Structures are given as structure tokens and as C-alpha cells.
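# Geometric and topological summary
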Amino acid sequence: MKVVQFEPFIDHIEYEAIKDCFDKKWITEGPKTLEFKNALCEMIGAKYGVFAPNGTLALYLGLRALGIGPGDEVIVPDFTFIASANAVEMTGATPVFVDINLDDLQINIEGCHNALTPRTKAIMPVHLYGMVTNMPQLLSFAKNNNLLVIEDAAQALGINWEGKACGNFGDIGCFSFFADKTLTTGEGGFVVTNNKEIYENLCYLRNQGRMNRGTFEHPHIGYNFRMTDIQSAIGLAQLSKFDTIVSLKNTIFHSYNEQLNNLDIVEEITVVRPRKEINPFIPFRVIALTKEPSAPLMNYMKQKEIETRTFFYPLHKQPCFKNKFSGENLINSVYAYNHGICLPSYPRLGETEITYVCDTIKDYYKGKRI
Ligand SMILES: *Cc1c(COP(=O)(O)O)cnc(C)c1O
């Protein structure tokens, strides 16, 4: 049996939606994009939303709309996909890395105090793998220290913390619709805010410095961050299946959890579980931490044709940042990288495959004990 890490949940519904765009000749930002935008804003509970071509550019657009630029520092968790930090770099500002908690892999808010300097302008919590940063606590830290908050909710569309949507806590929230995200448009990004002034900044920046298309007078400098109706049609089709996606992902999570919560191996590998404030929970991946470093287990699984993924490599150790960060003692992100494993988890993954993956993990630990 071969088990891949991920495949997007697309079928004839998305295909028909694209065909409709072609029939109507709607191939750039138009009616479908407006409809998709309104649906997303309603789902998130945000007043304003704009699209970006992808999640990285959504973060860049959001940071720029907050006025972040050269000379500023932005606090970013050391453990995240590198796009979070690269978006900060792209504005000319400097990301400053803070360690994470090991229980939920989220930024350690107490640790953020040590990262503060007179240049710190903003903080970027990143909701990873379906887990959520404790936003009430983070917002109070930000308020006390006069920081703007930009949420990287690329992996957290549809997830709530105590009834409020991820991405709707901060000054700005950013989403990605990349192929492996909960909802995909192939490529795509979305920025939300509840602040009119920030929304206007977003509009100017993404639309060549003007508020509306059709005029060639440009009060500000801006760029082109359009999405296409073809992508939005895919997005609307995905939205119509969203409840199914959430339910399938939760079924997969519970199945892994049950099978791996087996007395023989419970000491060796632990599925990372969401805190009780998270509801609905939508696992981006099913992830686990192993007692011994996870690399040998992943190697074994690869031989059995199971595709796993490592966790994110700590940002302060990234070769591309080598000359910029002295490598402070960020212990938990390093531990998470060395002990983490992403198990295959995509909506269409079947019970037979999950059992095969779990049995393979059990076999590995049984083999080690003999
Ligand atoms: C996917 C992702 C991004 C970047 O989104 P793209 O659409 O790939 O540019 C940023 N942050 C996190 C946490 C992500 O998972």
C-alpha cells in the first residue's frame, strides 16, 4: 500500500465551476470574486476583506497596510513556515524570533517580553496545524506594549477560539488558499480587518494606488494583487464542501488518535491535541511528537511507502538568515523539529490507510524493543 502525505479535495464540482467562468468569459477579478469575498467575510465575521495572489503576499500586503517598513521589528514565532518571516523581510522590516510552547506549538507569549525593543512595531501569531495562539492573552500583551497584531491564519480558516474566528482577533488577519490548505483555490490569499482606515490602505496598495478600477488617477503608489474569477469559482465550490472537509478531517484525526493511543506505544509517540477553547477544530495535518528523535521512524515509514513530513525547520537556524540572527537559545522549536512528524492526512484518506500507517508505527516500535 502507498500512502501520500496530501492531495487536494477537488472533483467535478470545482471543474463545473471553472467551466462556468469560461462560458461567461469571467477570467479576472469579477462577480465570482466579489461573491467569494462576501462569503469569506461572513464566515470569518470580519467587516472588510481583500484578496491577494497568495498567502505570502497577503501577509506582505497586511504588514504594509499597517505601515510596517524599514527600521521596524516584528515578533514572529521561531517555529512556522518561512513565509511568515519572509513577508516581514519583504517590507524591509526585521523579524525577531521567539520560542514556542511544546504543548500546542504556539508562540510563547511570556517569551515575547524579552524580544521587545524600541523598534518593535507588531507581533505576528501563527496558528499552526489546527492549533491556535491564545489570542486574548496575546492581545493583552500587544495592547500593553503598543503593538499592532497581524495574524497568520493561513492554516486556520474556519477555526474558532472561544467562538471567535482565527484571523479576526488582530488588526489584520491573513489566509492562504494554497493547494494543501483547508480550502484551496490553487494559489490565493485573503486579508481581513475590521478597521476602515486599514481597509482603505489595503485597497490602495493592491489596486495601483486607487480605490476603484476604471480611473487612471492614482492618489497613492500601489501594485497589482488581483485574484481571478477562475480561482474564486474554485473557492466557492470548496466553500460548498467546507462542512464535509471539516468532518472528514476530524474523523481522520480521531481515528489516528484512537489507534495511536495504544498502551504499547503511548510512551513513544503522542498525537498533538487541540486545547478545549478550539471549536471547531480543523486539523491542518495530524501531527505527533515522538520521545526519541523522529527521523528514524520517518525513514522506516518511507520504506513502507508512507509519505510523512518533518516539522518546520526553526527560523533562527535557517541558512538564508544565517548572517542575521545570532542563534539565541530557542530550545522548543529545535525540539519540535527533531521530534515532530506530520502523518498523512487529507480529506479522502481512508480508514484502511490510517490503520496501515498506525500498524506500521506500532511495528517500528515493536521492532526496536526486540
Ligand atoms: C501556507 C502558509 C503561508 C504562505 O501561504 P502561500 O499561499 O503558500 O504563500 C504562510 N504561513 C503559513 C503558516 C502557511 O502555512
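Residues numbered from 1 in each chain as written. Predicted model: local features only at pLDDT ≥ 70, side-chain atom pairs only at ≥ 80, totals over all residues. Heavy atoms only, no water.

## Topic: the packing of helix H8 (residues 242–260) against helix H11 (residues 351–369)
At their nearest, the axes of H8 and H11 sit 10 Å apart, and the two run at 30° to each other. For the element pair H8 / H11, the angle class is roughly parallel. Crossing geometry of H8 relative to H11 is assigned as right-handed. For the pair H8 and H11, the contacting residues are Ile252, Ser255, Tyr256, Gln259 and Leu260 in the first and Glu351, Ile354, Thr355, Val357, Cys358, Ile361 and Lys362 in the second. Of the residues that constitute the contact of H8 with H11, the class distribution is 7 nonpolar, 3 polar and 2 charged. (Axes fitted to C-alpha atoms, helices over the stretch in contact; angles between N-to-C directions. Helix = DSSP H or I, 4+ residues; strand = E, 2+ residues; numbered from the N terminus. Parallel < 35°, antiparallel > 145°, perpendicular 65-115°, else oblique. Left-handed = near helix turned anticlockwise from the far one by under 90°. Contact = heavy atoms within 4.5 Å. Nonpolar A, V, L, I, M, F, W, Y, C, P; charged D, E, K, R; others polar.)

## Notes on the sheet that holds strand S2 (residues 73–77)
On the basis of which strands lie adjacent, the open sheet formed by 7 strands has the order S1-S9-S8-S5-S4-S2-S3 and mixed pairing. The sheet terminates laterally at strand S1 (48–52) and strand S3 (94–98), the two strands that pair on one side only. Each strand axis lies, on average, 25° off the axis of its neighbour in the sheet, ignoring direction. In the sheet, strand S8 (residues 172–176) pairs with strand S9 (residues 189–193) via 4 bridges, with the strands oriented antiparallel. Across the sheet, the residue bridging to Gly173 is Val192, located in S9. (Pairing = 2+ DSSP bridges.)

## Quick word on helix H5 (residues 135–144)
Buried within H5 we find Met135, Leu138, Phe141 and Ala142. In an axial view of H5, the angular spread of the buried residues amounts to 120°, which keeps them on one side of the axis. Those residues of H5 that are exposed and angled more than 90 degrees off the buried face are Lys143 and Asn144. Against strand S4 (120–123), strand S5 (148–152) and strand S6 (160–161) lie the buried residues of H5. At the C-terminal side of H5, Asn146 shows a positive phi close to 60°. (Buried < 20%, exposed > 50% of the residue type's maximum accessible area, 1.4 Å probe, protein only. Arc of directions from axis to C-beta.)

## Things to note about the site of the ligand
As a matter of local geometry, the ligand sits amid 15 residues, with Gly55, Thr56, Asp152, Ser176 and Lys181 nearest to it. In this structure, Asp152 approaches the ligand through a side-chain N or O atom, which is 2.7 Å from a nitrogen atom. Relative to its unbound accessible surface of 380 Å², the ligand loses 93% to contact with the protein. With respect to the detected pockets, the ligand is housed in the largest pocket. Where the shell around the ligand is concerned, the elements lending two or more residues are helix H3 (55–65) and helix H4 (83–91). Class assignment of the residues belonging to the shell around the ligand gives a composition of 6 nonpolar, 7 polar and 2 charged. (Near = heavy atom within 4 Å. Polar contact = N/O pair within 3.5 Å; in protein donor to acceptor, adjacent residues only side chain to side chain. Areas by Shrake-Rupley, 256 points an atom, 1.4 Å probe, with all protein chains shown as cover. 1 Å grid on protein atoms, 1.4 Å probe; cavity = no way out; pocket = protein on both sides within 12 Å on 5 of 7 lines; lining within 4 Å. Sits in = over half its atoms within 2 Å of the grid points.)

## Quick word on the layout of surface pockets
When its volume is computed, the largest pocket comes out at roughly 500 Å³. Residue lining of the largest pocket: 30 residues in total, with Phe81, Phe178, Asp180, Lys181 and Phe284 positioned closest to the centre. Going through the elements one at a time, H3 and H4 are the ones with two or more residues in the lining of the largest pocket. With 3 residues, the single largest contributor to the lining of the largest pocket is H3. In terms of residue class, the lining of the largest pocket is built from 14 nonpolar, 9 polar and 7 charged. Structurally, the lining of the largest pocket is a two-domain feature, drawing no fewer than three residues from each of domain 1 (12–98 + 106–240) and domain 2 (242–369). Glu29, Lys37, Tyr199, Arg206 and Arg213 are, among the 16 residues lining the second largest pocket, the residues nearest its centre. Residues of the lining of the second largest pocket, tallied by class, amount to 6 nonpolar, 5 polar and 5 charged. (Points joined across faces, edges and corners; volume = space filled by probe spheres on them. Domains from an automatic or database assignment.)

## Brief notes about the pairing of S5
Burial of S5 is extensive: 4 of the 5 residues sit out of reach of the surface. Of the pairings in the sheet, the one linking S4 to S5 comprises 2 bridges and is parallel in character. The residue bridging Ile123 from the neighbouring strand is Val149, located in S5. Relative to S8, S5 is paired through 3 bridges, and the arrangement is parallel. Residue Asp152 lies in a different strand from S8, and its bridge partner there is Cys174.

## As for the side chain of Asn250
Secondary-structure assignment places Asn250 in helix H8. Among residues more than four places away in sequence, those in contact with Asn250 are Phe281 and Pro283.

## Quick word on the sheet that holds strand S11 (residues 286–290)
Read across the open sheet, the 3 strands follow the order S10-S11-S12; overall the sheet is antiparallel. Strand pairing shows two members of the sheet lacking a second neighbour, strand S10 (269–271) and strand S12 (340–343), which therefore form its edges. On average, each strand axis in the sheet is inclined to that of its neighbour by 30°, with strand direction left out of account. Two elements, S10 and S11, share 3 bridges in a ladder whose sense is antiparallel. Considered in S11, the bridge of Thr270 is made with Leu289.

## What about the domain arrangement of the chain?
By domain assignment, the chain separates into domain 1 (12–98 + 106–240) and domain 2 (242–369). Here the C-alpha centre of domain 2 lies 26 Å away from the C-alpha centre of domain 1. Every contact between the two is made by 34 residues of domain 1 and, on the other side, 32 residues of domain 2. A combined buried area of about 2900 Å² lies between domain 1 and domain 2, and 68% of that area is made up of carbon and sulfur atoms. (Buried area = accessible area lost by both parts, 1.4 Å probe.)

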